[in-house]
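# Coordinate analysis (summary)
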Amino acid sequence: YVNPFIGTGGHGHTYPGASAPFGMLQLSPDTRLTGWDGCSGYHYSDDYIYGFSHTHLSGTGVSDYGDVLLMPTNTAHLSNGADGQAGYRAHFSHGQEQATPGYYKVTLDSTDIVVELTAKQRSGMHRYRFPSPENQWIIIDLAHRDEVIDFALDIDSNRVITGHRHSKAWAQKQYIFFHLEFSHPIDIPNIEYNEDGKVAALPIINPDNDPVEIKTGISAVDNAGAKQNLATEIGEKTFDQIRMETRNDWNTQLNKIQVSTPDLGQRITFYTALYHTMLAPNIYQDVDGRYRGMDLEIHQTNDFDYYTVFSLWDTYRALHPLYTIIDEKRTNDFINTFLAKYDEGGIMPIWDLSSNYTNCMIGYHAVPVIADAYLKGIREYDTEKAFEAMQYSATRDHHGLESYREYGFIPIEEEPESISKTLEYAYDDWTIAQMADAMNRPEIRDEFLLRAQNYKNVFDPSTNLMRGRFNNTWFEPFDPYEVNFNYTEANAWQYSFYAPQDINGLMDLMGGKSFFGAQLDTLFSANAATSGINMKDITGLIGQYAHGNEPSHHMAYLYSFVNQPHKTQEKVHQILTELYKNAPDGISGNEDCGQMSAWYILSSLGFYPVTPASNQYVIGTPLFPEARIQLENGETFRIIANNYGPENKYIQSATLNGESHPYSYLNHDKIIAGGELIFEMGPEPSDWGSADEHIPVSAIQNQFIVPAPFIALGEIVFRDETTIQLDCADPEATIYYSLDGNNFNKYEGGISISEPVSLEIYAVLNKKTSATIQSDFHKIDPSLSLELGTEYAQQYNAGGDDALIDGIVGTANYRTGTWQGYHNRPVEATVDLGSVKPVSEIAVNFLIDQGAWIFSPTKVTCEGSVDGRNFSQIGQQQYAASEALDEVQIENLVINTPTPTEYRYIRLKANGLGNVPSWHPGYEYGGKAWIFIDEIMVR
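Now for a description of the structure that goes with this document. Given the structure is predicted, the values throughout are model-derived calculations rather than measurements.

The mixed open sheet is built from 6 strands, whose spatial order is 18-36-37-41-38-39. In the strand order of this sheet, the two ends are held by strand 18 (257-260) and strand 39 (659-660), each with one partner. Direction of pairing for strand 18 relative to strand 36 (residues 626-630): antiparallel, over a ladder of 4 bridges. Within the sheet, the bridge partner assigned to Q258 lies in strand 36 and is R628. Helix-sheet contacts for helix 16 (residues 595-605) involve strand 18, strand 36 and strand 37 (636-642), and the interaxial angle to strand 18 is about 60°.

Bringing the pairing of strand 16 (residues 199-203) into the picture now. The buried count for strand 16 comes to 5 of 5 residues, which makes it a mostly enclosed element. Direction of pairing for strand 11 (residues 137-141) relative to strand 16: antiparallel, over a ladder of 5 bridges. In the sheet register, I140 faces strand 16, and the bridge partner there is A200. Of the pairings in the sheet, the one linking strand 15 (residues 192-193) to strand 16 comprises 2 bridges and is antiparallel in character.

Here the structure, examined in full by the defined rule, presents 45 aromatic pairs. Relative to Y271, the ring of F270 has its centre 5.1 Å away and its plane inclined at 85°; by these criteria the two rings are edge-to-face. Measuring from centroid to centroid gives 5.4 Å for Y736 and Y762, while their planes differ by 20°, and the two rings are stacked. With Y736 in strand 45 (residues 734-739) and Y762 in strand 48 (residues 757-765), this residue pair connects regions lying 26 residues apart in the sequence. The class for Y736 is partly exposed, based on a relative accessible area of 24%. When its relative accessible area of 18% is taken as the criterion, Y762 is described as buried. A network of ring pairs unites the aromatic residues F22, Y307, F310, Y323, F334 and F338 as a single cluster.

Within helix 13 (residues 503-510), 7 of the 8 residues are buried, which leaves the element mostly enclosed by the surrounding structure. Where helix 13 is buried, its residues meet strand 26 (459-460), strand 27 (465-466) and helix 14 (513-525). Looking one or two places after helix 13, you find G511, whose phi comes out positive at around 105°.

The subject of this paragraph is the pattern of salt bridges. Should the charged atoms of two oppositely charged side chains come close, the side chains can pair. Inspection of every chain in the model, using the stated rule, returns 41 salt bridges. Residues E116 and R127 are paired through a salt bridge, measuring 2.9 Å at the closest nitrogen-oxygen approach. Of this pair, E116 sits in strand 9 (residues 113-119) while R127 sits in strand 10 (residues 123-129), and the two are 11 residues apart along the sequence. We classify E116 as buried; its relative accessible area is 4%. Its relative accessible area of 8% is what places R127 among the buried residues. Between E626 and R628 there is a salt bridge, and its shortest N-O distance comes to 3.2 Å. Judged by relative accessible area, which is 19%, E626 ranks as buried. Classification of R628 by relative accessible area gives partly exposed; the value is 31%.

With omega at 0°, the peptide bond leading from A280 into P281 counts as cis. Within the element layout of this structure, P281 appears in the loop between helix 3 (264-276) and strand 19 (282-283). Cis geometry is adopted by the peptide bond preceding P477, which originates at E476 and carries an omega value of -10°. Residue placement: P477 occurs in the loop between strand 29 (473-474) and strand 30 (482-483).

Our focus in this paragraph is the sheet that holds strand 34 (residues 607-608). Remark on secondary structure: sheet strands pair via backbone hydrogen bonds, oriented parallel or antiparallel. Here 3 strands make up an open sheet; going across it, the order is 34-35-40 and the pairing antiparallel. The sheet terminates laterally at strand 34 and strand 40 (665-667), the two strands that pair on one side only. The pairing of strand 35 (residues 616-619) with strand 40 spans 3 bridges and is classified as antiparallel. From the neighbouring strand, V618 faces strand 40, where its bridge partner is Y665.

This part is about the side chain of Q519. As for its position among the elements, Q519 is in helix 14. If near-sequence neighbours (up to four positions away) are discounted, Q519 is found in contact with T463, N464, L465, W493, F497 and M510.

Summarising the sheet, strand 36 and strand 37 pair through 5 bridges and their orientation is antiparallel. Bridge pairing in strand 37 links Q630 to T636. What sits between strand 36 and strand 37 in their antiparallel hairpin is a turn of 5 residues, with G634 showing a positive phi close to 95°.

Here we come to helix 7 (residues 366-375). Where burial is concerned, most of helix 7 is hidden: 9 out of the 10 residues are buried. Listing the buried residues of helix 7 in full gives A366, V367, P368, V369, I370, A371, D372, A373 and Y374. Positive phi shows up at G377, right after helix 7, with a value of about 85°.

Two quantities define a packed helix pair, namely the angle between the helix axes and the distance between the axes. At a minimum axis separation of 11 Å, helix 6 (residues 328-345) and helix 7 run at an interaxial angle of 135°. In this view, helix 6 runs oblique relative to helix 7, as classed from their interaxial angle. The handedness of the crossing between helix 6 and helix 7 is left-handed. Every residue of helix 7 that contacts helix 6 at T331, I335 and F338 is listed here: A366, V369, I370 and A373. Among the residues forming the contact of helix 6 with helix 7, the class breakdown is 6 nonpolar, 1 polar and no charged.

Procedures and definitions
- Residues numbered from 1 in each chain as written.
- Predicted model: local features only at pLDDT ≥ 70, side-chain atom pairs only at ≥ 80, totals over all residues.
- Heavy atoms only, no water.
- Pairing = 2+ DSSP bridges.
- Helix = DSSP H or I, 4+ residues; strand = E, 2+ residues; numbered from the N terminus.
- Contact = heavy atoms within 4.5 Å.
- Axes fitted to C-alpha atoms, helices over the stretch in contact; angles between N-to-C directions.
- Buried < 20%, exposed > 50% of the residue type's maximum accessible area, 1.4 Å probe, protein only.
- Phe/Tyr/Trp six-rings, centres within 6.5 Å; stacked < 30°, edge-to-face > 60°.
- Salt bridge = Lys/Arg side-chain N within 4 Å of Asp/Glu carboxyl O.
- Parallel < 35°, antiparallel > 145°, perpendicular 65-115°, else oblique.
- Left-handed = near helix turned anticlockwise from the far one by under 90°.
- Nonpolar A, V, L, I, M, F, W, Y, C, P; charged D, E, K, R; others polar.

Here you go:
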C-alpha cells in the first residue's frame, strides 16, 4: 500500500528510491542536479536520469547529498548529458518505472538497460541488465552535485573499488567512504577518467551477458567501516534476498498501525505517509558502533543508535509525538543522540545534517522533544544531563536570545525573524518549565513559566495579530498578508495563533473566546494570497491557513478550545481529503522529513498534539472505519468510527473502553494503556465535546508577566515635533516613562517632544514590573528633504520615504529592517538641503550579502545642483559587483569635493547588476540582484 512516488511531484521533494527504515543509505535515481524542486535529486516531471546515487534527503527545502553516483551505460562518454549533450544521462518514462519500500526499478529506454536497486541500513545493491554483452560500461561519478573538498577513487582489484568523498553544500563538511564490490570483472587497462579523476568509466567484462550486480557499503567513519557495513548487512546474500529482508523490515514497521477502509486511495495515502515518517532521521553509526560526531571526530557507542538529519523546527510538532506512541525505543535513541551531540559540539542540534550544524531554522526544538518524551515516561537516557542541556540551549547569547531574555521579546532591529523566534522560544521555555515541575525544580519552573509568556510582548491589541517591534513601535507599514523578514517562512496571519503553551491566555489577549473564534474564521476565509517576499514554502492555502508549511499545523484544532469542535472536524476533514492524495503531487508542501506525513497519520486516526509536552491530544475526526495501533508494551489501541462515510465527518458521541467520552481531547496514557475508542459519526454537527467542562484547556495559570509597554503613536524620526502615546497589551497595567535618564513619571497622556530624546518605559501591574524598554527619537533638520526617483521594495522599506536621511544606520544583517532594498532597478535619490550650502563630502553605505542576492552597485554617480534642474557631476565610483565575496560587507562610499562647493541639491544614482552572475546559485532561475542602501550623509 506504499506508493513512493507520492511527493515526488509538486513541491513535496521526496525521492522514490530504495531505503531501509531510518537507513543511512538512500539508493535513488537523480533526475535533477539543482534547484528548488530538485532538493531530493528527483522530480516526477523530469525525463532523464543522470545516475543513481547513495544518499538523499526526504522532503527538505535545501539541496544536499547525492553522494557517489553510478550509472550503467553503453558509452564511455564522460559528459553528464547536461545542456543537450548525449553523455551518460538516459531517457526514461514512468511507464517503465516502479517502486516499493526498499526496491526501485526502471528501464532506461534510450539505452535499453534495466536498473534495479535495493538497500539495507548502511549498504545497498545495484542490479543492471544490459541489452548485449558488448559495450557494458558503468560510470562512477564523485563530482556529482555537491562541491568536492577531497576525494579518492581507488581500484583495489578488478572487482573492488573503494574511496571517499568529502564535500561541502548545506552541511559544510560531509564525509562519506565507500566500498564497491562488482559481480563481474572490470577491464582495468581500459578504464577512462575525466581530467581531474573524479569521474571514471568502468568497462565490464561480461561475455555471457549476465546481470551485473554491485554491492555497496558506505560509512561516515572510514573505508574499513564501509567494508564492514557491507560484509555484515549483505555479505554473500543475493539481491532478491536483500530485497525481501528489507520488504519484511518495512512491513514490521508499517504494521505498527493498521487501518481498514474501502477507499484504496486513502489506504495508499496513509501507508505512504507512514513510510515517509520512517525515512528520517537516519542512522549515522557503523555496525561496530563507531560514528562521526558533531566535532567531526570519531566516537564509539554500543549503548544506543546514533542518528543524523533532525529537521526539528518541523518535526517537534507531530513527528516526534508520533514516535512516542509507536517507537519509544527509537525516541530514547534520538534523545541519547541529542545529548551526545551536546557533548561533542557544545549545543543540541536545531537542524543537524551529517553531524554538521547547518545554522538553519529557529528555536531550540530538541528541548520539546525531550520534555514530551520525559513527561510520557520515556526516560532511557541521562535525565539530569538532558535537563542541563535544555537549560543551556535557552541561555545562549545567539539568534536573538540575549535580547529575548532582557526585554521579553526580540526587537526587529536586533535580529531577523524576530516575531517567530520570540514565539517559538516562549513555547520551548514552557516545555522546560513542565520538565522542571516534573523533576521538582520549582525555581527553574517559575523562571521559565515567566519566559513562556513572552508571546504577549509581540501581540498588537490594535490588530489582534503578532507584530514586530521596531525601536519599540509597531512595524510600519503593516500588512498581515505580507511575508517579510519579521517572520520565519510566514506572515502575521500564520504566526498570530502560535502560543500552544497558553492558548487560553492568547484568547484573553484577543478579547475572549468569541473574538478568538471569529479571528479563526477570518483566518480560514481570508484571501488565499500573500504579499511581500515570494516564499515558495507557503503552500496548501485555505484562506491564510497554510498547510504546506509547519506554523499552521495546529490551527484547525484551535476551534475545540472555543467550544466549536465541529469546526475542527470540518477543517481537519477538508485538509485530509483535499490536501493529501495518491498522486506524485499528493503532498501540499515540502514533506520536511516526515512532519507533513505525521500530521496526516495522527489526524486521520482522529487526534493531534496541539501542545507537545502537555500529554494531551485534541480530537479531530477519524478518516477510517477502524484503526489499530500496536504498542511496544504489547497493548493495542483501537479506534472505530461507526456509521463511517465520506459525508459523515461529524462526531455525534464517543466512548472510551465502554464508557462515555464527552471530551474533545484524549490523554496520552489512555492510548498507551490500550483499549478502544469508538466514535459515532453523522452528516451534521453535534454538540459533542463542546461543553466548557469537556473542551481542552491550555493555560499558564500562575507567574503571570506584565507585558512590556510600547509606543502606540509618535514618530521615531520627526522634523518639528511629535507626540508620543504609550500603551500595553494588558490594559490594566500602569505605564511609567523617563526622558533622557531623568526620573520616571506615571504616564497619563501624550508626551510632546521637539528635540532628540531617549525614552525609557515600563509597566506595573499587581506589584509586578515589565522589562524596561528604551527608544531613541531622531530629529531630522526640518529644512532637509528627500525625493526618491525609483521605488523601493515595500518589505525592505527601512522605515519609509525618509529612511535614507533618518540618522538610523543599517547593520550587517539585511533582515533587521534597517536597509532600504531595490530589486532589479537603479536607485535615484535627491537630497534637498533646504538652501544653498557649502558641501565638502557626501557619504553613503551599501550592503553586500551575495548569498541573499544583495550585490554592490556597478556604478555610483553623485551630482550637485543649485537650482534642482541643472546638475554637475561631483564624483563617480565603479565596482566589480559580479566578483564573488565570501563574507557580508558594508561598502562605505565617500565622495569629497576638492574644495567646499555650494549646492542645494545632491543627487545620487546607483546602477544595479541586473542578472546575478553565472557562478551564483540564483543564476539558473534568472535571478536579479538587489541593491541595499542606507543613510546618505551630506557634510
